[in-house]
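Coordinate analysis (summary)
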Amino acid sequence: MTDRLRDFKFKGRDSDAARNRRRENVVELRRTSKNEQMMKRRNFVATDDVKPLGESSQNILEENTHMDLPQMIVAMQSPDIATNLAGTVACRKLLSKGHNLPIDNVIEAGLVPRLVQFLARDDNSKLQYEAAWALTNIASGTSEQTTAVVEANALPYLIKLLSSNDEDTVEQAIWCIGNIAGDGPHYRDMSLTAGLLQPLIYLLSNSPKLSLQRNATWVLANLCRGKNPQPSFEAVQNAIPTFVSLLASDDQDTVVDAVWGLSYLCDGEYRRIQAVIDAGAIAPLVTLLASPVSQLQLPAIRCLGNLVTGDDMQTQQVVDSGALPIFARLLASHKENIRKESCWALSNITAGTQPQIQAVIDHNLIPLIVKALADGDFRTQKEAAWALANITTSGTIHQISYIVGQGCIKPLVDLLDRDDSKIILVCMDAIGRILEAGKQPDGSNPVCEWLEEAGGVSLIEQLQDHENEEIYNKALEILETHFAEEDEEDTGMLVPDASGTSFNFATPVLAQGGFDF
Amino acid sequence: MSAELARALRASLSADAKARHDASEWLEQYKQSNRGGFMRALALELQNVERNQQIRQQAGLQLKNSLTGQHDNVRDEDIQNWMMISHEDREAIKQAIVGTLGTEQGTTSTAAQVIAAIALIEIPQNSWMDVVPNLLNMVGAAAASEAQKVAGLQAVGYITDDITKINPDLLTAHANTLLTTIMRLISEDPSAHVKKAAVATLNNSLEFCEQNFQNEVERNTIMSFICNATLQPEADVKVAAIQCLVRIVDLYYEQVHAYMREGLYPITIAAIQSDNMDAVKQGIEFWTTVADVEIELQDAADEARDRGETPEHTSKHYCQGALEQLLPNLLKSLAVQDEDDDEDEFTVSKAAAVCLASLSECCGDPVFNACVPFVEQNLANSDWRFRDASVLAFGNILRGPTQETVKAVTNQALLPLLGFAQDPSTIVQDSLAWMLGVICDLFPDIVLQPAVLPSVLGAMSQGLQSEPRVAVNVCHALCFLVEGAYMVALDNLGQHEEEVNTNALSSSLGQILPALFTTIDRDDVMESNLRSAAYEALAAGLQFSPSDCYNLVIQAIESVLSRLQSTVTMSVSSQDDMRQFAEVMSGLLSVLQTGIRRLGQQDLQMVAGSIVELLVQVLSSRQYDSSSVVEDALVTLDALVEGCQANFEPFVERVKPFVLEAIRQVQHGDTCFVAVGLAGDICRQLGEKCLPHCPDFMNELLQALMASEVDRKVKPAVLSAFNDVALAIGPNFGQFLGVVFNVLAQASQAAVDPEDDDEDTIEFLNELRTGLLEAYTGIVQAMAGESMQLTPALSEMGPQLQGLLNFMMQIAEREMSDEVVRLSCGMIGDLSQVFGKAIGPYLAPQYLQVLNGRAIASADEATR
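A quick note: this is a predicted structure, and the numbers were derived from the prediction, not measured.

Okay, the packing of aromatic side chains next. Residue and element names in this part refer to chain B. Scanning the model with the defined rule gives 13 aromatic pairs over all chains in all. Taken together, a centroid distance of 5.1 Å and an interplanar angle of 65 degrees make the contact between Tyr30 and Phe38 edge-to-face. For Tyr30, a relative accessible area of 10% translates into the label buried. Of the residues examined, Phe38 reaches a relative accessible area of 1% and is grouped as buried. Members of the aromatic cluster, each reached through a chain of ring pairs, are Trp26, Tyr30 and Phe38. Here Arg712 stacks its cationic end above the ring of Phe764, 4.4 Å away from the centre of that ring. One residue, Lys713, lies across the ring of Phe673, its end atom 5.9 Å from the ring centre.

This next bit is on the nonpolar core. Ranked by size, the top nonpolar core spans 317 residues in total, and within it B:Trp287, B:Phe648 and B:Phe722 carry the most contacts. In this view, B:Phe722 contacts B:Met698, B:Leu701, B:Leu702, B:Leu705, B:Phe733, B:Val740, B:Val743, B:Leu744 and B:Ala775; residues no more than four positions away in its chain are not counted. A:Ala154, A:Leu158, A:Cys224 and A:Ala323 belong to the second largest nonpolar core, which has 157 residues in total.

All right, on to helix 8 (residues 131-140) of chain B then. Residues and elements named next belong to chain B. Burial in helix 8 covers these residues: Val131, Val132, Leu135, Leu136, Met138 and Val139. The arc that holds every buried residue of helix 8, seen down its axis, measures 160 degrees, which confines them to one face. If you follow the buried residues of helix 8, they end up packed against helix 7 (110-122), helix 9 (146-166) and helix 10 (175-188).

Residues and elements named next belong to chain B. A contiguous patch of negative charge, built from Asp250, Glu296, Asp299, Glu303, Asp306 and Glu361, is present on the exposed surface. At four residues, helix 16 (residues 277-306) tops the list of elements feeding residues into the negative patch. Tracing the chain through its elements places Asp306 in helix 16. Overall, Asp306 belongs to the exposed group, its relative accessible area being 69%.

All names here are of chain B. Summed over the entire model, instances satisfying the criterion amount to 71 salt bridges over all chains. With a closest N to O distance of 3.4 Å, Glu583 and Arg531 form a salt bridge. One end of the pair, Glu583, is in helix 29 (residues 575-598); the other, Arg531, is in helix 27 (residues 530-543), with 52 residues separating them in the sequence. A relative accessible area of 35% places Glu583 in the partly exposed class. For Arg531, a relative accessible area of 8% translates into the label buried. Here Arg684 ties to Asp681 by a salt bridge, and the two come within 2.8 Å at their closest N and O atoms. Pair noted here: Arg684 and Asp681 are both in helix 33 (residues 669-686), with a separation of three residues, about one helical turn.

About the criteria used
Residues numbered from 1 in each chain as written. Chains lettered and ligands numbered in written order. Predicted model: local features only at pLDDT ≥ 70, side-chain atom pairs only at ≥ 80, totals over all residues. Heavy atoms only, no water. Phe/Tyr/Trp six-rings, centres within 6.5 Å; stacked < 30°, edge-to-face > 60°. Buried < 20%, exposed > 50% of the residue type's maximum accessible area, 1.4 Å probe, protein only. Lys NZ or Arg CZ within 6 Å of the ring centre and 35° of its normal. Core = buried A, V, L, I, M, F, W, Y, C linked by side-chain atoms within 4.5 Å. Contact = heavy atoms within 4.5 Å. Helix = DSSP H or I, 4+ residues; strand = E, 2+ residues; numbered from the N terminus. Arc of directions from axis to C-beta. Patch = residues over 30% accessible without salt bridge, like charges linked within 9 Å, V, L, I, M, F, W, Y side chains within 5 Å. Areas by Shrake-Rupley, 256 points an atom, 1.4 Å probe, with all protein chains shown as cover. Salt bridge = Lys/Arg side-chain N within 4 Å of Asp/Glu carboxyl O. Lys, Arg positive; Asp, Glu negative; His and termini not counted. Charge placed at Lys NZ, Arg CZ, Asp CG, Glu CD.

Here it is as structure tokens:
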């Protein structure tokens, strides 16, 4: 409390605080001066008044190329291939330097179809390379700019370049295709239809140089990606063995993309999951799951989590693979995302059979899930709530009473206070089923009291006023079924009473561990 | 030896400086010659009940200093030093200090602190793992004495509190025994001292016991215990228990819902109403803490909503619910104060004022509306305590509520309030002056109205001549007012004006500045922080002066220079003199800094030479045994460098030795930091002309970077200074490349490695990355020359630049600040410009996407 004195009047404004302000002032002034210095070499010193756009892009044209746009057009349309090459290089340079790239100017000048023609010039791989590079930069722009490249029918020529003998050209073509296929489901499917998959797989199976392998894997993963709609399974299933063999690569970036690729492929119906399992993916995925690198953990969790959305047999194969002990570590990760995804994956297992639920319990994962439910961020809490709610749906009475003993009631109750109808319903359903499970032969129900202690009853009472019909019906149902006789009135804050005898916030029994008295 | 050691320890407490000095030399020598024997002997002295308590305590402190020094954290070298001692010595030391527990006089045990220091070193090494269970056994044993229990409990509390900052998991296994033992002592032990010590240990262990606290059943038990402890008859125990509740609501706000209405709320309100002043303060502190937590939650929730996310945690609005009971009690507490209060004592009245401010910020309008009647009713009360309570209340409720409401009320109330500026009570005057400052800060435009300003300035002028505690508030008020006047004028600038030519204070500054000069000459200026505040007001007056007051700036600088001249030549004799002169010096230099920044080139040129000479005198004087004076002199020099730009060249030779010397002061983080920045600024402003000085600067900068004891904030500053040197001398920087690349590679490793959620660490890492990227940018731009082209020198840098690219891709996966994103984009741009497509293969496309995404998402305009 001694520090509080600094909050009184201006007591905190002492000579040290003043010196700190002076020091910060110097640092601030220095930063401005230094940034200006660095900007000088970049030809644009920050100024308050922005030049009109036309003027500044004009400057870029003049300063950074040896050819202006009209000259470039002439050169590229020339019948002479050497002149074409010079024009294309100038064009590529124009599209590679500085900011505010004049992509639209190049498109409006009608140069894109010409660049596509150059892609077909098998007699001059240098020209092909420069043209692919220029197109890559155009395709990396806005969707309209990407469209200009696709509409000039570049795709088939680019795919053809994948079998070029010149590695640089191949790589450039991949890059360009990646920009196109990555633009959305439409161009993704168009690339697949154009037959991109096979040459890519062929390339990857012939151990190309590292940068090529990375880029090809990235593009292959992009081809499998997307949900609205997913690519048709027939079109992409051949990628599965390639991804599985890439899991053994020494290059982390490649592996990360390969796992993501697999996770897209097994996202969905039974046969997708089965195909990935059949390709022998589970064992290497579990190895990656145990990796300390979070960029690997995340897609591995996603992948295995997808596999356990399958039927009981498929789920069982993952349970048997030794993945569960690793989840204990993942749930304790300090990366919120890892914890969230882990809870999600486990929620798919707790939606399974009672022995599968028991496996989760036996690996001591429930306390960690309850902890995630209590103190994770909201998205983690949602997944954890699902994981536990699923146990109340399909678990035995014994299993339900176990998770209650691990303290799941309070954090479930706390979520009732959130501004999210879906999760309120999940928690209420779970609480309802826990209440059902708690009914004793003599008609008493200890759960009622614990719920009260956790502040659950008053929250559920409030939910009777919820705008969502389903929620208020559910609240009504719970209250009528389990709390019919009690009708407590809300007295507001009690008048303080220091002479009170004693305080007792105890919850009866059921806890394991704890301390002894 | 033992008698000699005791003598040295006694001498180290002597009033005679020479004796103290000799003693500490002797002790240091002993330590260096035989660390293990030295520490063992100290431990025996601490244990020796025959010795005078002061000597024992001094032995304990020496022992603790030899273990962990005065640092908060255990450093690697502390571990090494301890582990270097023989096993036998270590065990003997431990045995002696554990044996000391319960034999010391006084309320805090030095042995307990030493035990904690050793435990903090050993436990993370997986050694002395049984210290906590053994201590718990000891304090729980029926045979233990009262003093043993108290000291043992203290030791446990220190250990759990400290270990929690490192890794609580190391001791979690003992949490249950710990809680069980403590609670049994609280409920059963006959001694109030033991009970109090047990509650204090519980307080220290609350964060450590997080797992127990997260378990509902265990939490219920703990909470019942603590709440019941507040009902214990012993006042000390009660207060300590409420203190626990304060800590709990701070640590576990999310979990206290079940206890609020029936436990925490009635307990704290009753405490505030009680007549035990310590209990009142703790009760109030509870609500200040709740309010602060809720303010933070609301801020975080607002931010989350701005990003379109659902907030993770939301405020439960306990404060709102408690206002009705709380506010009347707080307003009453505001008046609980003595005529002769100590300014530095935290009283009930001050606690209530601070709490009110937090509640106002937390709950807004309801607090304001409930308090205004109290303010009106008591402003003219015949009891000064209630007049003061009225002013304190008003000044503390202005920040929270809707500003329109507050502004309207303030506008009406200002002139009547000023009427009370001549209150017979100094305390009331003090509060009035402070409240005026709050208003100047929040609503300068109200104060600057032509109809009001003269009365305000009149009241301020009177206040400046009143007691120091009143005058200091006027100085703060003036700081806010001059800045406010400047900002108001800046907002009203015409389209073609770039500078504030005139403002509402233009005609008054001519009176304000001299009044402040008079204030710094007061005989009692050293009281109540008045000196520092008056100099700060002077500096602000110059910093925010409009152009039509330029002659005042010149006059002020002349006056400051002549004061500096006479101060620097004065000789000082006593320790106290030295401190006083250091304060004067810092004050004068701070005014000079802002003055220099306001001076035009021509005027600056005329005085630059004499300022340099003065600063050299200051820097070479041994009279100011204070690193802060050196720092202020260097900052002043910096202002001069930035002002003179390349014209500073003739002075570089003169000041360089001092800059280099200051960079060598790596253990004084602030001094070193400022000096490093200054070296960079000199190079940047001088450009190529700094070439002859670069080897000296670079040498010292590299030394500082590699010094093991260097304050970590210096490192990014050094890297950033490399940028200045490189850009200043261009390709000539080639001579330093070998060694610089080496340290950059090491620093890159450090800037990627740790993945830590700790905010300070993240901030530091981002500063380090900023420094690194600046250094690399400087090097690439320097070696590429004016035309930014691929030079042979650059081509040879391939492997190092590959390292740079790897570094950039790795940090892209971490939390990057806007600054780092901006510098990364710039770096990629520079590299592409220079190398063209050759760098393509080295950059993962994902990286560019991530970077681009981050840059676009950045709120900072320049980054985008």
